[in-house]
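Notes for the structure review
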Amino acid sequence: MPILQTLLNARDLGRLQHIAAVFVRHGLGDMVHRLGWADLLDKAGHALRIEHAAHLARLTPPEQLRSALEELGPTFVKLGQIMAGRADLLGPEWIAQLEKLHSSAPPVDIERLRAQLTEDLGAPPEEVFRDWEDTPLAAASIAQVHAATLPDGTEVVVKVRRPGIEATIDADLRLLERLAGAAERQWPELRPYRPIELARQLARSLRRELDLASECRHAERIAASFEGQTDIIIPRVVWAHTSRRVNVQQRVRGVPAEDQAAIDAAGLDRHQIARRGASAVLKMVVHDGFFHADPHPGNLFFLPGNRIAFVDFGMVGRVMPQRRDELLMLMLGLVQRDAGAVAEVLLEWTGDDNEIDDNALRTDIESFVDQYHGVPLAQLSLASMLGDVTTILRAHHLALPSDLALLIKVFVTLEGLGRSLDPEFHMAAEALPLLRQALHERYQPRALAQRGWQAVRQVAGLLGGPPRDLARLLRTARKGRIQVQIDVTDLRAVADQLDRAAQRIAVGLVVAALVIGSSIVMTVGGGPQLFGLPAFGLLGFVGAGVGGLWLLWSGRRRP
């Protein structure tokens, strides 16, 4: 099995055994079999007792997967959270369960945490802060948060990374990247879902979250875009005590967005808060191209004066200008009932490296567009509309790029939060002014001239490229250095089988030679003795026996 060649590291095999055992314990033994992990571990000498796992299946498959990911720790919780934003890949029942994933964890032993924190701060926390609370405000799988007070009386929160978590995450990421590569090679039907890209997205996201100073840089970048806007609050960073493993930020005391009763008790205007929060996130997306990618209620606080504070910038997203233009074209296609324009945007997003039934896709898109015929853009349910788009993509085995999947998740989360605050809230109505402004800017003479100049440069590059490439090819040919490389993935399995067969033949020849040679030595007198027999002959028979046993054992495996 080719995947075995990528998993010879003993640490990876041990972790893989643990992952498989957790899946089995949660009733996902069939998934372990389908992934080929049971055979892999059996070949590596690890046995799994899957036959007794059926009675553990008390939950639905999505619930089983969620509970297994929670038990496996931060890497797999983050994987589940990313997958929860991939409605283009998974059905609603799976998304509903993965959205329940949370990264809460038991607090770290305070003495272990204190030792690491003292190393990072240069002194015990009691000496750095005027007040320090040993009991954490919150404990997650990557870090936990403590309350403290600076010497000048400023209240802060201290976020500390869990000791030893980086090594655990690195091992899991290494394993997942190898498994994703093997899965994409061996199961072509998975290629449209880009498992390698998903593993890389997970790795980038987790490594950014491990760097707590990076979170603070994100916060300051977003704070700069709201400078002078008093209704949006971003906590101030205390850089003197911030590093990769610890960050210190101003503490925000407000009403949690998830506490509906407290919002009413504080006399806050739900309608204004919903519109203000949506406008803030849309500004990040449309104008800045850099946005808070996890605006769920736990990361929002409401302050007097209907002000909104955003916290926890560990997960951020980026929107390139091209993506913004594509979003504008999608919205125009919907308003003008142009199914072709909508199809072109979706195909641009999903790529053209897969076989697609264009007629079936366009038929589904026309039905989708007709569904919103006559509905004013200001009254569209953005969550419903995007849900329909992802349903179409999933039906045609198409997958969105990771940045767009994250953006769609943000829009859906934001609309859900807005509706919980104000049932009359319409995300599309809030987006319409910004989209119109962005569309107006797109067709300004200066913007048109800039895009035209870029197109001219690209054409000039295309015209100049072939002559240079041809000259380089001719120089290489004159030197006799042309090489042709053919990579046929389907022949790798055949090559591995031939290699194993050759190994068995070679061992068989060695065993035969040992038997013949040892028989001859046994008939020759003299020399060292062992148990009354010629020592070299006896050792030869022992070696032949070991080789014969290996041949019998290898013969039981699949070629």
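To keep things clear, this report deals only with the structure shown in the data block.

**Observations regarding the environment of Gln-144**
Mapped onto the secondary structure, Gln-144 falls in strand β3 (residues 143–149). The spatial distance from the C-alpha of Gln-144 to the C-alpha of Val-108 is 8.1 Å, given a sequence separation of 36 residues. Excluding its chain neighbours within four sequence positions, the residues that come into contact with Gln-144 are Pro-107, Val-108, Leu-113, Pro-136, Ala-138, Ala-139, Val-158, Lys-159, Val-160 and Arg-162. A polar side-chain atom of Gln-144 sits 2.9 Å from the main-chain amide nitrogen of Val-108.

**Focus: the side chain of Thr-242**
The residue Thr-242 is located in the loop between β5 (232–233) and β6 (246–250) in this model. Among the polar contacts listed, one links the side chain of Thr-242 to the backbone nitrogen of Val-248, at a separation of 3.3 Å. Excluding residues that lie within four positions of it along the chain, Thr-242 makes contacts with Ala-213, Cys-216, Val-237, Asn-247 and Val-248.

**Brief notes about the side chain of His-292**
Here His-292 shows up in strand β8 (residues 290–292). Since its relative accessible area comes to 0%, His-292 is described here as buried. A polar contact is formed between the side chain of His-292 and the backbone nitrogen of Asp-294, at a distance of 3.1 Å. A polar contact of 2.9 Å, which involves the side chain of His-292, links it to the backbone oxygen of Asp-312. Setting aside its immediate chain neighbours within four residues, His-292 contacts Ile-222, Met-284, Asn-299, Phe-310, Val-311, Asp-312, Phe-313, Met-315 and Val-410.

**Thoughts on the packing of aromatic side chains**
Going through the model one piece at a time under the given rule, you end up with 1 aromatic pair. Taking 6.0 Å as the distance between ring centres and 15° as the angle between the ring planes, the aromatic pair formed by Phe-129 and Trp-132 counts as stacked. One residue, Arg-221, lies across the ring of Phe-290, its end atom 3.9 Å from the ring centre.

**Things to note about the pattern of salt bridges**
Applying the stated criterion to the full structure yields 19 salt bridges. As a salt-bridge pair, Arg-66 and Glu-70 come within 3.5 Å of each other at their nearest N and O atoms. Of the two residues, Arg-66 and Glu-70 both sit in helix α4 (residues 61–72), 4 residues apart, roughly one turn of that helix. Judged by relative accessible area, Arg-66 falls into the buried class, the value being 18%. Relative accessible area serves as the criterion here: at 29%, Glu-70 is assigned to the partly exposed category. A salt bridge links Arg-244 to Asp-211; its shortest N-O distance comes to 3.6 Å. Placement of Arg-244 in the loop between β5 and β6 and of Asp-211 in the loop between α10 (195–210) and α11 (212–225) is noted, with a sequence separation of 33 residues between them. Its relative accessible area of 42% is what places Arg-244 among the partly exposed residues.

**Here we look at the environment of His-396**
Take His-396: it is sitting in the loop between α17 (382–395) and α18 (402–421). The class of His-396 is buried, set by a relative accessible area of 14%. C-alpha of His-396 to C-alpha of Ala-360: the two residues are 36 residues apart in sequence and 8.7 Å apart in space. Those residues in contact with His-396, other than ones at most four positions away along the chain, are Ala-360, Leu-361 and Asp-364.

**A closer look at the pairing of strand β4 (residues 155–161)**
Across the 7 residues that make up β4, a large majority, 5, are buried. With 7 bridges connecting them, β3 and β4 associate as antiparallel partners. Bridge assignment links Ala-143 to a residue of β4, and that residue is Arg-161. With antiparallel pairing between neighbouring strands as the criterion, β3 and β4 make up a hairpin whose turn holds 5 residues, including Gly-153 at a positive phi of roughly 95°. By the bridge criterion, 5 bridges tie β4 to β6 in an arrangement that is antiparallel. Its bridge partner lying in β6, Val-158 is registered against Val-248.

Cut-offs used in this document
- The residue count restarts for each chain, going from 1 along the sequence in the order it is written.
- Totals for whole chains, interfaces and linings use every residue, but because this is a predicted model, local features are given only for residues with pLDDT of at least 70 and side-chain atom pairs only at 80 or more, for both listing and counting.
- As a convention, hydrogens and water are excluded, and side-chain values are obtained from all of the structure's heavy atoms.
- Each helix is a run of DSSP H or I of at least 4 residues and each strand a run of E of at least 2, with the numbering of both proceeding from the N terminus.
- What makes two residues a contact is simply this: any of their non-hydrogen atoms within 4.5 Å.
- Whenever two N or O atoms come within 3.5 Å, that pair is a polar contact, provided that in protein one can donate a hydrogen and the other can accept it, and provided that, for residues adjacent in sequence, both atoms are side-chain atoms.
- Exposed residues in this analysis have more than 50% of their type's maximum accessible area, buried residues have under 20%, and partly exposed residues fall in between, with area computed by a 1.4 Å probe over protein chains only.
- The rule is short: rings of Phe, Tyr and Trp, with Trp giving its six-membered ring, pair when the centres are within 6.5 Å, and they are stacked under 30 degrees, edge-to-face over 60, tilted in between.
- In this scheme, the term charge over a ring applies when either NZ of a lysine or CZ of an arginine sits within 6 Å of the ring centre and within 35 degrees of the ring normal.
- Criterion for a salt bridge: a side-chain nitrogen of Lys or Arg within 4 Å of a carboxyl oxygen of Asp or Glu.
- Think of it this way: DSSP has to see at least two bridges between two strands before they count as a pair.

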